[in-house]
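Notes for the structure review
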Amino acid sequence: MSEILLKNVQEMLNEEKWTRATLSNYSTSQFKELDLLLKEAQEARVTDELKKLCDDHLVHTKNTIIALYLAGMIALSRQIIDDSALVNLVTIFMDNHKWNIVKYLCERILDYGESKFALRTLADCYKNDNEENAIYGVWERLVKVDPEEADLAKALAEYFEKQGDLERAVDYYKKALHRYINKQLFTNVREIWEKILEYCPEDIDFFLHVQKKIAKNISDDKAVLLLQDVYDSCKKRKDIDTAVALLKIILQYDEKDVQARKEITDCFREKYADHSQLEEYIRISNLSQNWRNVYEAITDFEKHIAFDKGNYVYHRTWGVGRISAVQGDEIVIDFAKKRGHSMSLKMAVNALQTLSKNHIWVLKAVREKEKLHERIKNDYTWALKTVIRSFGNSCDLKRIKMELVPSILSAGEWTTWSIKAREILKSDPSFGVSPENIDIYTVRERPISIEEKLYNEFKAERNFFDRVLTIRSFVAQKDAEPDSEYFTEMFAYFSGYLRSWNQVTEQVLASYLLVKDLAGQYPHLGAGLQLNFPDLFYGIEDIPAVFLNFKDNKLKEEFLRHIKLFIPEWADIYVKLFPYALNHSIVVNLEKEGYEDKLVAMAVHCFENFREYREAVVWLFKNAGEESWYKKAGIPFEKQLITLVHILDITYREIENHRETSENRKINKQVYTILFKDGVLSSFIDKADADTIIRIYTFLEDVKDLDPADKLKLKSRIQDKYPNFKFFGDIEKTVTTRGLLVTTAMYEEKQRQLVHIMDVEVPANSKEIAFALSLGDLRENAEYKAAKEKQEILNSTVAKLKDEIERAQLFDPAAVNTKRVSFGTKVTLLNDANGESEEYTILGPWESDPENRIISYLSPFGAAILNKTVGERFEFSINDEKVSYAVEKIMPVVFETVRG
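Since we're looking at a predicted model, the values are computed, not measured.

Reading the values: rules and limits
- Residues numbered from 1 in each chain as written.
- Predicted model: local features only at pLDDT ≥ 70, side-chain atom pairs only at ≥ 80, totals over all residues.
- Heavy atoms only, no water.
- Helix = DSSP H or I, 4+ residues; strand = E, 2+ residues; numbered from the N terminus.
- Buried < 20%, exposed > 50% of the residue type's maximum accessible area, 1.4 Å probe, protein only.
- Contact = heavy atoms within 4.5 Å.
- Areas by Shrake-Rupley, 256 points an atom, 1.4 Å probe, with all protein chains shown as cover.
- Lys, Arg positive; Asp, Glu negative; His and termini not counted.
- Charge placed at Lys NZ, Arg CZ, Asp CG, Glu CD.
- Salt bridge = Lys/Arg side-chain N within 4 Å of Asp/Glu carboxyl O.
- Pairing = 2+ DSSP bridges.
- Axes fitted to C-alpha atoms, helices over the stretch in contact; angles between N-to-C directions.
- Polar contact = N/O pair within 3.5 Å; in protein donor to acceptor, adjacent residues only side chain to side chain.
- Phe/Tyr/Trp six-rings, centres within 6.5 Å; stacked < 30°, edge-to-face > 60°.
- Lys NZ or Arg CZ within 6 Å of the ring centre and 35° of its normal.
- pLDDT = per-residue confidence, 0-100.
- Parallel < 35°, antiparallel > 145°, perpendicular 65-115°, else oblique.
- Nonpolar A, V, L, I, M, F, W, Y, C, P; charged D, E, K, R; others polar.
- Core = buried A, V, L, I, M, F, W, Y, C linked by side-chain atoms within 4.5 Å.
- Expected span 1.5 Å × (residues − 1).
- Disulfide = S-S within 2.5 Å.
- Left-handed = near helix turned anticlockwise from the far one by under 90°.

**A few points about the overall build of the protein**
Tallying secondary structure elements over the protein gives 43 helices and 14 strands in all. By its C-alpha atoms, the protein is 130 × 100 × 40 Å across when sized along the principal axes. Taken across its 900 residues, the protein has 49% of its residues classed as buried. Residue pairs at least 24 apart in sequence account for 58% of intrachain contacts in the protein once pairs closer than 6 positions are excluded. Accessible area of the protein: about 45700 Å², with a carbon and sulfur share of 48%. One way to put it: in the protein the 126 positive side-chain charges average out to a point 3 Å from where the 146 negative ones average out.

Shown next as structure tokens:
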């Protein structure tokens with residue numbers, strides 16, 4: 001069948017009955033017949049042969065209709081970028097005014113995804129047929145796929161404006177505005193700006209965003225010109241606060257703008273018309289005097305204007321107070337513990353911090369604690385807005401916690417409360433982030449869409465891979481608009497890497513994978529993607545390094561998937577990547593595709609080179625132990641354990657030498673858990689012979705930073721199995737700082753101490769430092785020096801507690817061994833010198849209380865007693881005098897009676 005089909009097509013081409021000379025005879029029915037022929041070719045799986053046949057024919061006869069159509073449609077179905085065949089075909093019929101055929105061809109092209117050429121041509125068809133409504137539908141699609149198309153966006157806006165659909169009209173006016181800005185066509189920009197201002201005068205955030213783009217792309221003076229229009233609108237609507245904010249921006253562009261200075265002075269007069277000291281504060285600040293720097297004058301005025309009867313202030317010693325009177329240059333303040341306090345205005349401006357009546361400090365001072373606690377605990381949004389606005393509308397979660405814990409919320413309540421608070425800060429359009437710092441939150445006076453919120457976060461991000469997450473969050477939104485200006489700018493950030501690269505970095509490769517992924521969801525985004533994966537891949541200098549630098553797991557998975565799809569030697573690449581990737585899918589794919597021999601070689605290679613591939617060894621031991629290919633590697637279990645012990649020792653030494661501390665701590669913890677907490681080592685010893693145990697224990701004894709308690713437990717277990725087992729050295733007498741056994745009660749007490757310092761003392765100290773800083777001149781600032789000294793003490797205490805808690809090993813009372821003296825035992829000794837019995841409790845340094853004969857197992861006396869059995873004798877030197885003891889009795893400690 002396939003040979004017949006190809007033969008028939010060859011005959012059709014040879015007849016040349018569909019040529020330019022006979023175009024008038026064509027209708028859409030002939031192309032529908034060709035579509036049936038294409039379907040038959042697909043079913044017979046001869047599309048490759050058919051395309052080659054047509055391409056060869058076009059070399060000699062460029063305008064053969066059948067060859068152009070078949071070759072073009074096959075290329076289109078494969079998403080091949082070269083669409084010259086179909087463009088040529090459509091042009092032929094356009095030149096001959098065969099509009100029905102042109103329309104059919106364009107619609108067939110669009111069956112496979114959006115095409116700017118097909119859409120423009122289809123719009124011409126509808127225009128020729130006077131199908132006006134259909135034209136607008138095509139224009140909408142064209143504006144969506146062509147981010148540079150401004151004129152059609154404006155035409156659509158005018159169309160919907162006439163239809164009375166103002167929401168869609170404004171949407172297209174905004175699209176047109178952004179595109180004209182990019183084209184630097186200010187006349188068009190101003191025309192559309194005025195339209196949007198007419199319909200959306202209160203959309204201030206939009207105007208503020210766009211004016212920055214105008215200043216950057218066109219000029220500062222044009223941005224000022226348009227801001228003046230928005231200011232006039234605000235003034236007309238009596239929105240004085242926004243008018244002031246706009247004038248401040250205008251003055252940032254030109255601080256010598258006399259008219260703007262006069263306008264802001266008039267706005268302040270209108271805003272504070274009822275203030276008793278208004279004109280005096282304008283005079284003092286020289287706000288209306290052009291000789292003074294306008295920023296300094298505004299700051300000075302705003303400082304002074306806050307001092308009026310009824311307003312709140314804060315003093316570092318007396319706390320929150322309320323201004324009860326302003327008498328000339330004197331103000332009278334009622335503090336909680338110092339009512340009727342008088343001071344000069346000049347001193348007040350320097351010594352006091354003005355507070356709004358809704359400042360969190362004011363609320364703490366004047367509201368009942370129970371009611372404030374209830375409001376904050378249950379009204380998350382109000383609480384967040386209150387705290388953020390209290391600190392200049394710029395606040396991070398650390399500061400929020402400092403203000404709420406423990407004065408209002410307990411540490412436990414904060415844990416639950418903060419989870420919900422983070423969700424609200426992320427999703428509520430009333431909150432935004434600082435353009436300079438993604439961790440700083442602000443309150444929006446006018447809520448914005450989630451898309452604009454995500455766009456603002458994208459701009460604030462400084463990390464490439466954080467921006468990857470943000471654009472993904474954007475497209476994951478319901479009704480996300482990939483043609484919006486926000487998305488266009490975000491997408492351009494990544495596509496820009498693909499237009500200007502000269503070296504394949506992780507950013508270039510990640511941009512390619514991300515753009516390709518987005519193009520899978522929105523095909524028109526891939527129209528300009530000229531790169532292919534193999535070209536990029538073979539340009540990578542260090543494949544593992546690039547992979548490790550991907551700080552996004554989805555991109556890592558896509559990278560691995562593309563390697564398997566497009567790189568012939570993918571299996572070798574997978575083996576090379578595994579020690580760095582530690583990805584289960586690598587193992588699964590290699591095994592599934594029959595590369596068991598490569599997996600075996602990889603496992604052997606990792607164990608033989610464990611110093612370099614220590615993390616891979618740990619992964620293989622934990623995850624591949626039962627796999628058939630791993631067992632075929634033939635690595636003895638004893639060798640695997642000894643390798644893990646070596647890794648434990650290496651990581652301890654690396655940590656001590658401060659080399660890649662975080663990474664080594666992680667590996668060290670994993671190995672320690674396997675060997676000791678999971679009981680792998682103990683289980684192996686229970687089944688091993690004496691010679692094997694000697695080998696294992698010898699390696700463990702050389703790990704000098706291993707907690708002696710762990711060595712002690714292991715030694716006890718060996719002695720239980722082999723009572724006459726001989727050890728080399730006496731490890732129990734080694735005092736080390738690495739790890740210590742503790743009781744549960746003392747562990748919890750240390751944690752309580754740490755929580756109290758972190759949640760109570762540190763926040764209080766931070767407030768002291770913040771206030772001391774506000775006083776200026778640190779050289780003569782005793783409050784600052786005292787607060788900093790206290791901070792150093794607190795930091796030192798916190799570091800020590802954290803280190804001790806991290807090293808702490810909880811003792812299990814059920815595991816106490818009374819066959820010999822050990823942690824958690826009470827031992828009775830006979831003192832040969834005086835013939836009296838002495839009773840000692842053996843615990844750790846946290847519980848140590850020598851006066852009550854509670855001895856640390858790490859102390860010299862504790863180490864001398866350790867591991868002794870009933871009847872055993874020993875000597876211990878006290879003040880250069882040797883005392884002989886005999887062990888009479890060993891009992892388990894009843895921990896409720898131990899003083900902790």
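**So, the pattern of salt bridges**
Scanning the model with the defined rule gives 54 salt bridges in all. In this structure, Arg 653 and Asp 649 form a salt bridge, with 3.2 Å as the shortest nitrogen-oxygen distance. Residue Arg 653 and its partner Asp 649 are both found in helix α36 (residues 637-656); the two are separated by four residues, about one turn of the helix. On the accessibility criterion, Arg 653 (37% relative accessible area) is partly exposed.

**Thoughts on the sheet that holds strand β12 (residues 854-856)**
As summarised here, the arrangement of the five strands in space is β12-β11-β10-β14-β13, forming an open sheet in which the pairing is mixed. Bordering the open sheet on either side are β12 and β13 (873-878), each of which pairs with just one other strand. Put simply, the sheet's adjacent strands are angled 45° from each other on average, direction ignored.

**What about the sheet that holds strand β4 (residues 341-344)?**
As summarised here, the arrangement of the five strands in space is β4-β3-β2-β1-β5, forming an open sheet in which the pairing is antiparallel. Looking at which strands have only one partner, the edges of the open sheet turn out to be β4 and β5 (353-355). Adjacent strand axes in the sheet meet at a mean angle of 40° when their direction is disregarded. Sheet analysis places strand β1 (residues 312-315) next to strand β2 (residues 319-327), joined by four bridges and oriented antiparallel. Within the sheet, the bridge partner assigned to Tyr 314 lies in β2 and is Val 320.

**What about the environment of Asp 542?**
Along the chain, the position of Asp 542 falls in the loop between α28 (533-537) and α29 (543-549). A relative accessible area of 39% means that Asp 542 is categorised as partly exposed. It is 9.4 Å that separates the C-alpha atoms of Asp 542 and Thr 505, two residues lying 37 residues apart in sequence. Among the polar contacts listed, one links the side chain of Asp 542 to the backbone nitrogen of Ala 545, at a separation of 3.2 Å.

**Quick word on the environment of Glu 593**
On the secondary structure map, Glu 593 appears in the loop between α32 (584-592) and α33 (596-608). Classification of Glu 593 by relative accessible area gives partly exposed; the value is 39%. In this structure, the C-alpha to C-alpha distance between Glu 593 and Ala 571, residues 22 residues apart in sequence, is 9.0 Å. Residues in contact with Glu 593, not counting those within four places in the same chain, are Lys 564 and Trp 570.

**A word on the packing of aromatic side chains**
Under the counting rule described, the total for this entry stands at 51 aromatic pairs. The residue whose ring lies beneath Arg 399 is Phe 391, and the NZ or CZ to ring-centre distance is 3.9 Å. A cation over an aromatic ring shows up here: Lys 564 above the ring of Trp 570, its NZ or CZ 5.2 Å from the ring centre.

**Observations concerning the side chain of Glu 654**
Turning to its location among the elements, Glu 654 is positioned in helix α36. Excluding anything up to four places from it in sequence, Glu 654 contacts Arg 614, Arg 659 and Asn 664.

**Details of the confidence of the model for the protein**
Confidence in the prediction for the protein averages 87 pLDDT; 94% of positions are at 70 or higher. Across residues 728-737, confidence stays below pLDDT 50; counting only partners more than four residues off in sequence or on other chains, it has 20 contacts.

**Some thoughts on the packing of helix α2 (residues 28-44) against helix α6 (residues 99-110)**
Two elements in contact, α2 and α6, have axes separated by 9 Å at closest approach and are oriented at 30°. As far as their axial angle goes, α6 and α2 are roughly parallel. Packed against α2, whose contacting residues are Thr 28, Phe 31, Lys 32 and Asp 35, the element α6 presents Asn 100, Ile 101, Tyr 104, Leu 105 and Arg 108 at the interface. Classifying every residue of the contact of α2 with α6 gives four nonpolar, two polar and three charged.

**Details of the nonpolar core**
Counting 119 residues, the largest nonpolar core has Phe 31, Tyr 69, Phe 93 and Phe 307 as its most contacted members. Residue contributions to this core peak at 10 residues, all from helix α4 (residues 65-77). Dropping the residues within four chain positions of it, Phe 307 is found in contact with His 275, Tyr 281, Val 313, Ile 323, Val 326, Ile 331, Leu 345, Ala 348, Val 349, Leu 352 and Thr 354. Judged by nonpolar contacts, the second largest core, of 97 residues, contains Leu 560, Ile 586, Phe 676 and Ile 696.

**Focus: the environment of Phe 431**
Along the chain, Phe 431 turns up in strand β6 (residues 431-433). A relative accessible area of 0% places Phe 431 in the buried class. Those residues in contact with Phe 431 that lie beyond four places of it in its chain are Thr 381, Leu 384, Lys 385, Ile 388, Ile 424, Leu 425, Thr 442, Val 443, Arg 444 and Lys 453.

**Brief notes about unusual backbone geometry**
Here Val 405 and Pro 406 are connected by a cis peptide whose omega angle stands at 0°. For Pro 406, the location among the structural elements is in the loop between α22 (397-404) and α23 (411-427). If you check the backbone angles, Asn 867 has positive phi at about 75° while not being a glycine. Counting through the fold element by element, Asn 867 comes out in the loop between α43 (860-865) and β13.

**Looking at helix α14 (residues 240-253)**
Spanning 14 residues, α14 covers 20 Å between terminal C-alpha atoms, matching the ideal 20 Å at 1.5 Å per step. Among all positions in α14, only Ile 240, Thr 242, Ala 243, Val 244, Leu 246, Leu 247, Ile 249, Ile 250 and Leu 251 are buried. Contacts made by the buried residues of α14 are with α12 (204-217), α13 (220-236), α15 (258-271) and α17 (294-305).

**Let's talk about the side chain of Asp 649**
Here Asp 649 falls in the buried class, since its relative accessible area comes to 16%. Once residues within four sequence positions are removed from consideration, Asp 649 is found in contact with Asp 702, Val 703 and Lys 704.

**As for the state of the cysteines**
Inspection of the entire model under this criterion finds zero disulfides. The thiol sulfur of Cys 267 is not disulfide-bonded, and the nearest other cysteine sulfur, from Cys 234, lies at 9.5 Å.

**Re the packing of helix α10 (residues 166-183) against α12**
For any two helices packed against each other, the geometry comes down to the angle between their axes and how far apart the axes lie. With their axes 9 Å apart at the nearest point, α10 and α12 run at an angle of 20° to one another. Here α12 runs roughly parallel to α10, going by the angle between their axes. Between α10 and α12 the crossing geometry is left-handed. Along the contact surface, α10 presents Lys 174, Leu 177, His 178, Ile 181 and Asn 182, while α12 presents Phe 206, His 209, Val 210, Lys 213, Ile 214 and Asn 217. A class-by-class count of the residues in the contact of α10 with α12 yields five nonpolar, four polar and two charged.

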